[in-house]
2 protein chains.
Amino acid sequence: MKYNAISGFPELMPEEQVIFDNMLDIIENIYKLFGFIHIETPAVERKSLLLAKSGEEKEIYTLGRHHTQEEMPDKDGLALHFDLTVPLARYATSHMENLSFPFRRYQIQKVWRGERAQSGRYREFYQCDADILGKNDLNLTANVEILTAVATILEKLEVGNFIIKINHRLILAEIVKYFGVNENNIPAVFRIIDKIDKIGIDKTKEYLCEIDKQNNIRTEELIRFITYESSVDETIKHIEKMSVDNEKVTIGLNEIKYTVKNLKLSGVSEKNFKIDLKIVRGLDYYTGMVFETNLIDHTELGSICSGGRYDNLTESLGKKKLPGVGMSIGLSRLFLPLLKKNIWHKDKIIIGSDILVIPLTKEADSISFETAKLIRNRGKKTEIYAGDRSIKKSLKYANKQKINTVIIIGEDEMNNGTIKVKDMETGKETNIKLSDLKDKNLELTTIIVNE
Amino acid sequence: MKYNAISGFPELMPEEQVIFDNMLDIIENIYKLFGFIHIETPAVERKSLLLAKSGEEKEIYTLGRHHTQEEMPDKDGLALHFDLTVPLARYATSHMENLSFPFRRYQIQKVWRGERAQSGRYREFYQCDADILGKNDLNLTANVEILTAVATILEKLEVGNFIIKINHRLILAEIVKYFGVNENNIPAVFRIIDKIDKIGIDKTKEYLCEIDKQNNIRTEELIRFITYESSVDETIKHIEKMSVDNEKVTIGLNEIKYTVKNLKLSGVSEKNFKIDLKIVRGLDYYTGMVFETNLIDHTELGSICSGGRYDNLTESLGKKKLPGVGMSIGLSRLFLPLLKKNIWHKDKIIIGSDILVIPLTKEADSISFETAKLIRNRGKKTEIYAGDRSIKKSLKYANKQKINTVIIIGEDEMNNGTIKVKDMETGKETNIKLSDLKDKNLELTTIIVNE
């Protein structure tokens, strides 16, 4: 029987899990600090809902039942969610009457995609999402709040310098039209531009020409325009050239100006964001601001946090418009490659108990249970060694687990009514009275130091 | 398009999620206090592994891929795990060389079962597991540690009185043999006894007679013996009658005696456990102590926490014996019915921000961002109201979310360089200087109270 993990379904060793959990905690606490509330949706949704939103690019896992080979309870069957945005739209639509709007929620869950196994692609991975949904109205403060949350989290995560690359769908659509792209071809052109950093300028040209049957697109100029790189202010001037007679560009540009001005007031450093006209975001539902985020020292990871503004996501669910803006951190995608680079010094991570209690004989067990109880009552993580009765093996275990304090209880200790406390670092041993440990007012450290 | 949740896949409203998360936190913190370390395994395992361990009773969900209709990467396909014990066995076997033993791990994850939808049965639910695995050796302290963790958690969860019902597989096997059950029929008889509380005495007799083709089983006596109910000491005497000439009963009974004696020393109250000879646990892998737990005031929930000792779980994976003992809390199964009884007063739960900042005009946004930043720096959960520019709607939202402090910024405030702080409970309004808020040394409460 095979017992190794399955390709694309990563699992962590305990010390790695500690680092990962710590990052999850940071993300969750900042979401809470920004007033997002927690929800969790089932891993499973109706296949029809997921297919309607997944497009062709996201392969979903469908569910079957083994023993009964029964039809799924719904005619259309069930599947595992591939992101947390579609479940949010379904949740908000379904519970609309009982939720407060603007609805600020965060959601940290695994998602699944039936990708071909390849480096950096996972079939099961964590997403950490935060979104703000309005009922009819959602003002622009929401955009800035989302981007500020992104920057605050990435600073706290200590994964090095990062840059949030901001664009606006309205502006980009007008740009491509200006350079000759037919309205109908915009989605296809967007998909090409979305990959420009991956495939390079030449391939981009090639793919654009393939679409451009009538040779209308001024490919060179288009690419030159959107690959412009400069400071925020200069890039705004660059776009302003197009906004003169174009209402939509003006709208988009005003939003961008509002956003960058207030991001600074919101505490986001100018070095952490820029305007990048190549940013598209693959998904069709974005309608306004869109963004991606790169780690400056690890650009090979691609975007580790992205999102944007969408105004029509819930319409297809046949309900009210719930305009929204959101972010998603692909934590596994960020974490697993950085883990390989060992930036967190995982060999130094302490994973288990503060104190190990070692009963040397079965007769010593009773006192060990009492001792463990008294120490746990003081809030110290404590375990009783449950291997065989060998002081050598017990201490080896303590060393391996980096447990600094061990308590040894053998025959001598039982006769004297004491326990032996050993500091694993210094090797120093101290005998303390069990009765002292029972004195609730005495701190553990006091007892150990005083004796 | 359907947008309601799918039967058997529960999801919570935000205030319910707060209660649930709080319970998860309690469980997790006590697991840590007992020195368990966190691991998480993929939701997906090989179908062959799961089928080998699931028996006939647990219906598993298998995975397919929609778009490509491709063969699964493994010949035998993939499926969602139905518990956390089989994944633990796979994890420990697979990573044995890199883990420390005894390996104390906790795991809190969703599991999936293709059950028929019925009250109290979920297809997706949380399990909270803790286990201790030894390498070759695992002494009896581990059994007591597990049961102590159970009792400590259930006290902290504040779900009312509970009783842990303890039995021993060795003893039960000898009892049924003594009353005439053939060795080969033990598993079948165990399955019947396992359901005795659900189906009642009469049905139990009936089912036992069906098995008993040669009419060897002294059914009446067997049932009378195992349904004996009394104090721990009396039940031990009751069992002792059988142990006189039976080595296996003596072994089992000595373990039981050891366990109950040390449970008390470990701080578990005598009112929270008893010996119950009817306890079996459905799964075949248990070999020693087994237990289930009931809530005294909610017995209809069935066992909310169960587990036991297993010595051969990993053998079928072709590796070393890893004797273990573990517990599993079916948190969803406990939580969802109690939620319906509203024992937690969910209408009083506060779910969102401490402070709501309300910019009355778009011009006030900039100061709002600065204000929010300064308050968040002081660790207060803060959000900017992102609905339309209506003071009425903003305050209604604050009320609905039970946010007690709102900060209003309008034209007056902007002209004066102040912000208006409103206490929603008293209605009291205070104007404070933005410059005071910028003074990092000033506590928020000091500023608000002093002005």
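Residues numbered from 1 in each chain as written. Chains lettered and ligands numbered in written order. Predicted model: local features only at pLDDT ≥ 70, side-chain atom pairs only at ≥ 80, totals over all residues.

(A) Representation of the overall build of chain A within the structure. Within chain A one finds 16 helices and 16 strands. Expressed as a percentage of the 451 residues in chain A, the buried residues total 46%. Put simply, of all contacts in chain A between residues at least 6 apart along the chain, 67% involve residues at least 24 apart. (Helix = DSSP H or I, 4+ residues; strand = E, 2+ residues; numbered from the N terminus. Buried ≥ 20, exposed ≤ 12 C-beta atoms within 10 Å, placed from the backbone. Contact = placed C-beta atoms within 7 Å.)

(B) The interface of chain A and chain B, seen in detail. Tallying the contact residues gives 97 residues for chain A and 96 residues for chain B. It is helix α12 (residues 365–377) of chain A that contributes the most residues to the side of chain A that touches chain B, seven residues altogether. In this sheet, strand β3 (residues 61–65) of chain B lies alongside strand β3 (residues 61–65) of chain A in antiparallel orientation, the contact comprising five bridges. Residue pairing in the sheet places A:Thr62 in a bridge with B:Gly64 of β3(B). (Pairing = 2+ DSSP bridges.)

(C) Representation of the sheet that holds strand β6 (residues 124–133) of chain A. All names here are of chain A. One open sheet holds the eight strands; their spatial order is β1-β5-β6-β11-β10-β9-β7-β8, and the pairing between them is mixed. Each end of this open sheet is capped by a strand with a single partner; those strands are β1 (37–38) and β8 (273–275). By the bridge criterion, two bridges tie β1 to strand β5 (residues 103–112) in an arrangement that is parallel. When the bridges of β5 are listed, Ile37 appears paired with Arg105.

(D) Inspection of the sheet that holds strand β9 (residues 289–295) of chain B at higher detail. Residue and element names in this part refer to chain B. Taken together, the eight strands give an open sheet; going across it, the order is β1-β5-β6-β11-β10-β9-β7-β8, and neighbouring strands pair in mixed fashion. Of all strands in the sheet, those bounded by a partner on one side alone are β1 (37–38) and β8 (273–275). Bridge count between strand β7 (residues 162–168) and β9: seven bridges; the pairing is antiparallel. Within β9, the residue paired with Ile164 across the bridge is Thr293.

(E) Region of interest: the packing of helix α1 (residues 14–33) of chain A against helix α4 (residues 141–157) of chain A. All names here are of chain A. The geometry of α1 relative to α4 is characterised by a closest axis approach of 10 Å and an angle of 150 degrees between their N-to-C directions. Judged by the angle between their axes, α1 and α4 are roughly antiparallel. In terms of crossing hand, the pair formed by α1 and α4 is right-handed. Mapping the contact onto sequence places Met23, Ile26, Ile27, Ile30 and Tyr31 in α1 and Ala149, Thr152, Ile153, Lys156 and Leu157 in α4. Along the lines of polarity and charge, the residues of the contact of α1 with α4 split into eight nonpolar, one polar and one charged. (Axes fitted to C-alpha atoms, helices over the stretch in contact; angles between N-to-C directions. Parallel < 35°, antiparallel > 145°, perpendicular 65-115°, else oblique. Left-handed = near helix turned anticlockwise from the far one by under 90°. Nonpolar A, V, L, I, M, F, W, Y, C, P; charged D, E, K, R; others polar.)

(F) Broad picture of the relation of the copies chain A and chain B. Taken as rigid bodies, chain A and chain B are interconverted by a rotation of 180 degrees and an axial shift of 0.0 Å, the fit giving an RMSD of 0.0 Å. The relationship between the two copies is best expressed as a two-fold rotation axis. Considering only C-alpha atoms, the residue of chain A closest to the rotation axis is A:Leu63, which sits at 2.5 Å. The fraction of interface residues of chain A whose copies in chain B are also interface residues reaches 99%, indicating that both copies meet through the same surface. (Least-squares fit on C-alpha atoms with pLDDT ≥ 70 in both.)

(G) Main features of helix α4 (residues 141–157) of chain B. Between its first and last C-alpha, α4(B) extends 24 Å over 17 residues, near the 24 Å set by a 1.5 Å rise per residue. Looking one or two places after α4(B), you find B:Glu158, whose phi comes out positive at around 55 degrees. (Expected span 1.5 Å × (residues − 1).)

(H) Representation of the nonpolar core within the structure. Judged by nonpolar contacts, the single largest core of 250 residues is most densely connected at A:Val150 and B:Val150. Setting aside chain neighbours within four positions, we find A:Val150 in contact with A:Ile164, A:Thr293, A:Cys305 and A:Met327. (Core = buried A, V, L, I, M, F, W, Y, C linked by C-beta atoms within 7 Å.)

(I) A look at the environment of B:Gly410. Residues and elements named next belong to chain B. Take Gly410: it is sitting in the loop between β14 (405–409) and α14 (411–416). By the C-beta count within 10 Å, which is 17 here, Gly410 ends up partly exposed. If we skip the residues at most four places from it in the chain, Gly410 touches Leu360, Thr361 and Ala364.

(J) Here's a closer look at the environment of A:Asn4. Residue and element names in this part refer to chain A. Looking at the secondary structure, you find Asn4 in the segment before α1. Judged by the 10 C-beta atoms lying within 10 Å of it, Asn4 is exposed. Taking the C-alpha atoms as reference, Asn4 lies 38 Å from Asp284; in sequence the two are 280 residues apart.

(K) The domain arrangement of chain A, seen in detail. Split into domains, chain A comes out as domain 1 (14–43 + 81–340) and domain 2 (352–450). The centre of domain 1 of chain A, based on its C-alpha atoms, is set 53 Å off from the matching centre of domain 2 of chain A. (Domains from an automatic or database assignment.)

(L) Region of interest: the confidence of the model for chain A. On average, residues of chain A score 90 in pLDDT, and 93% of them are at 70 or above. Here the complex is predicted with pTM 0.94, and the ipTM for its interfaces comes to 0.93. (pLDDT = per-residue confidence, 0-100.)

(M) Geometry of the pairing of strand β11 (residues 324–329) of chain A. Residue and element names in this part refer to chain A. For β11, a buried count of six out of six residues is recorded, marking the element as mostly surrounded by other parts of the structure. Burial along β11 is two-sided: the face carrying Gly324, Gly326 and Ser328 and the face carrying Val325, Met327 and Ile329 are both buried. Bridge analysis of β6 against β11 gives six bridges, and the strand direction is antiparallel. Pairing of Ala130 across the sheet is with Met327, part of β11.

(N) Layout of unusual backbone geometry. With omega at -5 degrees, the peptide bond leading from A:Phe101 into A:Pro102 counts as cis. You can see A:Pro102 is positioned in the loop between α3 (85–94) and β5. Its identity is not glycine, yet B:Lys402 carries a phi of approximately 55 degrees, on the positive side. Given 16 C-beta atoms within 10 Å, B:Lys402 falls into the partly exposed group.

(O) Region of the structure containing the packing of helix α9 (residues 232–243) of chain B against helix α10 (residues 247–265) of chain B. Residues and elements named next belong to chain B. As a packed pair, α9 and α10 sit with axes 10 Å apart at the nearest point and diverge in direction by 165 degrees. One finds that α9 runs roughly antiparallel with respect to α10. Here α9 runs over α10; the crossing is left-handed. On the side of α9, the interface is formed by Val232, Ile236, Ile239, Glu240, Met242 and Ser243, while α10 contributes Val249, Thr250, Leu253, Ile256, Lys257 and Val260. Within the contact of α9 with α10, the residues separate by chemical class into eight nonpolar, two polar and two charged.

(P) Representation of the environment of B:Ile164. Residues and elements named next belong to chain B. Mapped onto the elements of the fold, Ile164 is located in strand β7. Residue Ile164 is classed as buried on the basis of its 23 C-beta neighbours within 10 Å. Taking the C-alpha atoms as reference, Ile164 lies 6.7 Å from Asn294; in sequence the two are 130 residues apart. For Ile164, the contacting residues outside a window of four places in its chain are Leu147, Val150, Ala151, Asn272, Phe273, Phe291 and Thr293.

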